[in-house]
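Secondary and tertiary structure notes
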Amino acid sequence: MSKMFKQLLSIIESDEFRVQLTELNNNFFNLKQELHIRDLLLALFNKYHSQKGVRAIAEHPRLEKEKTTGEERTSYTRVDLSLVDENFPKNPFKIEFKYHFPKDKGGFSEYQESIQKHFKNRKSNGFILIVCDSNANKRKEFEKIWLSKKTKFSKLSSEDNIWKENLQEKFKNTADSQAYFFEITVEKPFETTYHFFILERK
């Protein structure tokens, strides 16, 4: 395992991350939190490791997209998060993030296509999928108090674990990679479990 990636995973497992994730959910319960969580991981990584010659950088590097037939203009895409060693700035550890709910993507029965696109085709070193599963009833009650129009998120929770089994199978069977799984449950403003499905390229 890359040392920098190991340091990032240790942050995901930390009490500090869980506490800050609780506050994040309490403040941004009505939003998809992909960028919020990415930026929290970035801030904590740099808090503990930037003085050691490594740094997390968002939206970096910018990569040229492959041109389609007849396309003249060059277009670019940015990597969600890179871990950069100051001694090797041209060789960052590139990580793509995705954020879903249990009923997204048809229960993830065909999620291998997304792994192919965002992990393999983009030549990412790491891939982090976060699946947010809230207590649907408690979410509805809370949103009824505070929102004039409820989000659709409560409808995307699931009462079974088939979606999780699908994802674990897809991640474990992704060639030339190592899979890692973490779950973090927070209680504010209602019970919510964040499932982290992670791949590292071997």
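First, a word on scope: everything that follows refers to the structure included in this document. (Residues numbered from 1 in each chain as written. Predicted model: local features only at pLDDT ≥ 70, side-chain atom pairs only at ≥ 80, totals over all residues. Heavy atoms only, no water.)

Moving on, we come to the overall build of the protein chain. A tally of helices and strands in the protein chain yields 6 helices and 8 strands. In sequence order, the secondary structure elements of the protein chain are arranged as α-α-α-β-β-β-β-β-α-β-α-α-β-β. The C-alpha radius of gyration of the protein chain comes to 18 Å, within 12% of the 17 Å expected for a compact globule of 202 residues. Counting only C-alpha atoms, the protein chain reaches 50 × 45 × 35 Å along its principal axes. Out of the 202 residues belonging to the protein chain, those deemed buried represent 48%. Put simply, of all contacts in the protein chain between residues at least 6 apart along the chain, 64% involve residues at least 24 apart. Of the accessible surface of the protein chain, which amounts to about 11400 Å², a share of 46% is contributed by carbon and sulfur atoms. (Helix = DSSP H or I, 4+ residues; strand = E, 2+ residues; numbered from the N terminus. Rg over C-alpha atoms; globule rule 2.2 N^0.38 Å. Buried < 20%, exposed > 50% of the residue type's maximum accessible area, 1.4 Å probe, protein only. Contact = heavy atoms within 4.5 Å. Areas by Shrake-Rupley, 256 points an atom, 1.4 Å probe, with all protein chains shown as cover.)

A few words now on the pairing of strand 5 (residues 93-100). The element strand 5 is extensively covered by neighbouring structure, given that 7 of its 8 residues are classed as buried. Here strand 4 (residues 81-85) runs beside strand 5; their pairing, made up of 3 bridges, is antiparallel. Bridge assignment links L81 to a residue of strand 5, and that residue is I95. Where strand 5 meets strand 6 (residues 126-134), 6 bridges bridge the pair, whose relative direction is parallel. Looking at the pairing, H100 lines up with V131 of strand 6. (Pairing = 2+ DSSP bridges.)

Here we come to the packing of helix 1 (residues 3-12) against helix 3 (residues 34-49). Where helix 1 contacts helix 3, the two axes come as close as 10 Å, and the packing angle between them is 115°. Regarding the angle of helix 1 to helix 3, the classification is roughly perpendicular. Our pair here, helix 1 against helix 3, has a crossing hand that is right-handed. On the side of helix 1, the interface is formed by M4, Q7, L8, I11 and I12, while helix 3 contributes L41, L44, F45 and H49. Residue classes in the contact of helix 1 with helix 3 are distributed as 7 nonpolar, 2 polar and no charged. (Axes fitted to C-alpha atoms, helices over the stretch in contact; angles between N-to-C directions. Parallel < 35°, antiparallel > 145°, perpendicular 65-115°, else oblique. Left-handed = near helix turned anticlockwise from the far one by under 90°. Nonpolar A, V, L, I, M, F, W, Y, C, P; charged D, E, K, R; others polar.)

One pass over the structure, following the stated rule, counts 15 aromatic pairs. When the ring of F108 is compared with that of Y111, the centres are 5.4 Å apart and the planes differ by 80°; the resulting orientation is edge-to-face. When its relative accessible area of 0% is taken as the criterion, F108 is described as buried. Above the plane of the ring of Y76 lies R62, whose end atom (NZ or CZ) is 4.0 Å from the centre. The ring centre of F119 lies 4.8 Å from the NZ or CZ of R201, which sits over that ring. (Phe/Tyr/Trp six-rings, centres within 6.5 Å; stacked < 30°, edge-to-face > 60°. Lys NZ or Arg CZ within 6 Å of the ring centre and 35° of its normal.)

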